[in-house]
Amino acid sequence: MMQDVSGHILIVEDEPRLAAVLGEYLQAAGYTHHWIDDGALALEAFRTQVPDLVLLDLMLPNRDGLDICRDLQRFGAVPVIMMTARASEIDRLLGLKIGADDYICKPFSPREVIARVHAVLRRHRQVPGSMAARGLLIDEAACRASVDGRPLDLTQVEFRLLRTLAASPGRVYSREHLMERLYADHRIVTDRAVDSHIKNLRRKLVEVGAGDWIRSVYGVGYRFEA
Ligand code: CA
């Protein structure tokens, strides 16, 4: 399976049958997911689940999708697909510029939702133009990266680290967040393990002539800057 058709999806949806169908289709497509049915639980679930994408219903008990989507933007670059019951709502939401990446109107075909999830994640995981201009190339399918055509000899963990950081230049990642992204099996690792992977990745970047692209953010973690 290609690397970019995987990821962890948070479903915020108060209709259990709909959520169950979405969950089944996501699983069949190679994604893991976590479902919550209460708007008030969304932020907490977001923090603990560290999803790659959020499927967010608009009308939810206790807290609506609009509020949640606005809050999620403060956490940085997580893509959001809004699901709404009425097509007319989509126009209104677009006008409000709430920052969702895509909008889907109910009733929808689960197949269509999965296709949108693929598309949005693919877009988000592409190396931004500014990075490509600096010569960084990330080949998701082959799990390889290069700088100005010079291949980087990375371990799998270093590759994921680079991919995660480079996908959102300027975004600050905590060590905890990075740990979640690095180890698919969620094994327990220490902060120091992340620091040591970062150190090795930095060295390898410098060896192929890249700049000091990975910056430490004191007391928080790391960010990518080129
Ligand atoms: Ca609803």
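Criteria and thresholds
Residues numbered from 1 in each chain as written. Predicted model: local features only at pLDDT ≥ 70, side-chain atom pairs only at ≥ 80, totals over all residues. Heavy atoms only, no water. 1 Å grid on protein atoms, 1.4 Å probe; cavity = no way out; pocket = protein on both sides within 12 Å on 5 of 7 lines; lining within 4 Å. Points joined across faces, edges and corners; volume = space filled by probe spheres on them. Helix = DSSP H or I, 4+ residues; strand = E, 2+ residues; numbered from the N terminus. Nonpolar A, V, L, I, M, F, W, Y, C, P; charged D, E, K, R; others polar. Domains from an automatic or database assignment. Buried < 20%, exposed > 50% of the residue type's maximum accessible area, 1.4 Å probe, protein only. Pairing = 2+ DSSP bridges. Right-handed = clockwise from strand over helix to strand, strands pointing away. Donors = N, O, S within 2.8 Å, 3.2 Å for Na, K, Ca; no water. Salt bridge = Lys/Arg side-chain N within 4 Å of Asp/Glu carboxyl O. Axes fitted to C-alpha atoms, helices over the stretch in contact; angles between N-to-C directions. Parallel < 35°, antiparallel > 145°, perpendicular 65-115°, else oblique. Contact = heavy atoms within 4.5 Å.

Concerning the layout of surface pockets
Volume-wise, the second largest pocket comes out at about 260 Å³. For the lining of the second largest pocket, the secondary structure elements donating two or more residues are helix 2 (42-49), strand 9 (172-174) and helix 8 (175-182). Tallying contributions element by element places helix 8 first for the lining of the second largest pocket, with four residues. Of the residues belonging to the lining of the second largest pocket, the class tally is six nonpolar, three polar and five charged. Formed jointly, the lining of the second largest pocket draws a minimum of three residues from each of two domains, domain 1 (2-125) and domain 2 (127-224).

As for the pairing of strand 1 (residues 7-12)
Along strand 1, six of the six residues are buried, which leaves the element largely enclosed by surrounding structure. Side-chain alternation along strand 1 places Gly7, Ile9 and Ile11 on one buried face and His8, Leu10 and Val12 on a second face that is also buried. Here strand 1 pairs with strand 2 (residues 31-36) via six bridges, running parallel. Along strand 2, the bridge assignment pairs Gly7 with Tyr31. As for the winding sense of the linkage, the β-α-β connection from strand 1 through helix 1 (residues 16-28) to strand 2 is right-handed. Judged from the four bridges that link them, strand 1 and strand 3 (residues 53-57) form a sheet pairing that is parallel.

Re the coordination of the calcium ion
With distances of 2.1 to 2.3 Å, the protein atoms coordinating the calcium ion are Asp14 (OD), Asp57 (OD) and Met59 (O). Donor residues binding the calcium ion come from one chain and are separated in sequence as D-x42-D-x1-M.

Observations regarding the pattern of salt bridges
Taken as a whole and assessed by the stated rule, the structure comprises 16 salt bridges. For the salt bridge of Arg47 with Glu44, the shortest nitrogen-to-oxygen distance reads 4.0 Å. Here Arg47 pairs with Glu44, and both are found in helix 2, just three residues apart, close to one helical turn. The residue Arg215 makes a salt bridge to Glu225 at a minimum N-O spacing of 2.8 Å. Of the two residues, Arg215 is situated in strand 10 (residues 214-217) and Glu225 in the segment after strand 11 (221-224); the sequence distance between them amounts to 10 residues. Since its relative accessible area comes to 32%, Arg215 is described here as partly exposed. Assessed through its relative accessible area of 28%, Glu225 is described here as partly exposed.

A word on the packing of helix 7 (residues 156-167) against helix 9 (residues 191-207)
For any two helices packed against each other, one specifies the crossing angle of their axes together with the interaxial distance. Axis separation between helix 7 and helix 9 bottoms out at 10 Å; the angle between their running directions is 80°. Classified by the angle between their axes, helix 7 and helix 9 sit roughly perpendicular to one another. Listed contacts from helix 9 to Val157, Glu158, Leu161, Leu162 and Leu165 of helix 7 are His197, Ile198, Asn200, Leu201 and Lys204. When the residues that make up the contact of helix 7 with helix 9 are grouped by side-chain class, the tally is six nonpolar, two polar and two charged.

Examining unusual backbone geometry
Among all residues except glycine, the phi angle is most often negative; among peptide bonds, the trans geometry is most common. Of note, the bond from Lys106 into Pro107 is cis; its omega dihedral lies within 30 degrees of zero at -5°. Inspection of the secondary structure puts Pro107 in the loop between strand 5 (102-105) and helix 5 (110-125). Backbone geometry at Val50 places phi at a positive 45°, although glycine is not the residue there. Relative to the assigned elements, Val50 resides in the loop between helix 2 and strand 3. Classification of Val50 by relative accessible area gives buried; the value is 13%. Of note in the backbone geometry, Asn62 takes a positive phi value of approximately 75° without being a glycine. With respect to the helices and strands, the residue Asn62 is situated in the loop between strand 3 and helix 3 (65-73). In this structure Asn62 comes out as exposed when scored by relative accessible area, which is 64%.

The analysis is restricted to geometry; functional conclusions fall outside its scope.
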